[in-house]
Structures are given as C-alpha cells and as structure tokens.
Amino acid sequence: MDIHSGEIYGKQTGSKFVMYNVLKVSKNSITLQNIDNPLSLFETTLAKLQASGYVRISQTPYVNIHATGKKRKSIRNPTRCPHTLDFLEERADSERPAPIMPDLFS
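Here the structure is a predicted model, which means the values were calculated and not measured.

Chemist: Teacher, can you tell me more about the overall build of the protein chain here?
Modeler: Counting its secondary structure elements, the protein chain contains 1 helix and 7 strands. Order of helices (α) and strands (β) in the protein chain, N terminus to C terminus: β-β-β-β-α-β-β-β. Taken over 106 residues, the protein chain has a buried fraction of 17%. In the protein chain, once contacts between residues fewer than 6 apart in sequence are set aside, the share between residues at least 24 apart is 29%.

This is the structure we're talking about:
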C-alpha cells in the first residue's frame, strides 16, 4: 500500500470518527496531523498504521514535487522608469492618481 502526503486517513474511536492528514512520508515513518486539532502531530510506520485500523478516506493523486531536470531561466520583462509620463493618465508612474471626488472633510 502506497501512502502519499496530502491523503486523509480516519479511525473510529469510541464515539467519534477521527480524521488525520498525511503531512510527510519518509522511508521509515509517516507524519500524521489531526484535522480537528492541527497542533496534534504524531509519527507512525506503515505497519502500525494498518494494524491500528486506520482507513484511507481520501486519496489524492500523486504529484512528484521533487522533479528532476534543468530549470528554465525566466525572461524578465523590462520595467518602466517610475518617472515615465503616461499621457492617458496624465501622471507619472511614481505619482498617485488624482482623487475621483474631492475630499468632503477638508
């Protein structure tokens, strides 16, 4: 059974059904977070998870966030000088726009 981060597991305890979010999966351990109490974290193993009666509620599609390969350099767009005058707005980029209505309290 494969477990991926982002999946939700649940367990029936006494009077309520408790759900846990899988935060991190490593070779030897799985970190779970209680959905009702986000400060409650605990680590377990795959064997203990199955033996304790946890059931997968929501399976998310696996996305490899550690992709390999070269990153492309992004092309930077040229930035305008802040003193460039925009003839449509009749102001420079660094100037505040004129108020639409005059200040009523001045």
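Chemist: Explain the pairing of strand 4 (residues 41–44) here, please?
Modeler: Within a regular beta strand, the side chains point alternately toward one face of the sheet and then the other, so they alternate between its two faces. By the bridge criterion, 4 bridges tie strand 3 (residues 30–34) to strand 4 in an arrangement that is antiparallel. Across the sheet, Gln33 pairs through a bridge with Leu41, a residue of strand 4.

Chemist: Just to check I follow, could you spell out the side chain of Thr44 for this structure?
Modeler: For Thr44, the position within the fold is in strand 4. Judged by its relative accessible area of 11%, Thr44 falls in the buried class. The residues contacting Thr44, other than those within four sequence positions of it, are Asn28, Ser29, Ile30, Leu32 and Leu49.

Chemist: What exactly am I supposed to notice about the sheet that holds strand 4 here?
Modeler: Strand pairing in a sheet relies on backbone hydrogen bonds. The paired strands run either parallel or antiparallel. As summarised here, the arrangement of the 5 strands in space is 4-3-2-1-5, forming an open sheet in which the pairing is antiparallel. Each of the sheet's edge strands pairs with one partner strand only, and the pair in question is strand 4 and strand 5 (55–58). Neighbour-to-neighbour, the strand axes of this sheet turn through a mean angle of 40°, independent of strand direction. Two elements, strand 1 (residues 8–13) and strand 5, share 3 bridges in a ladder whose sense is antiparallel. Residue pairing across strands places Ile8 opposite Ser58, the latter belonging to strand 5.

Cut-offs used in this document
- Residues numbered from 1 in each chain as written.
- Predicted model: local features only at pLDDT ≥ 70, side-chain atom pairs only at ≥ 80, totals over all residues.
- Heavy atoms only, no water.
- Helix = DSSP H or I, 4+ residues; strand = E, 2+ residues; numbered from the N terminus.
- Buried < 20%, exposed > 50% of the residue type's maximum accessible area, 1.4 Å probe, protein only.
- Contact = heavy atoms within 4.5 Å.
- Pairing = 2+ DSSP bridges.
- Axes fitted to C-alpha atoms, helices over the stretch in contact; angles between N-to-C directions.

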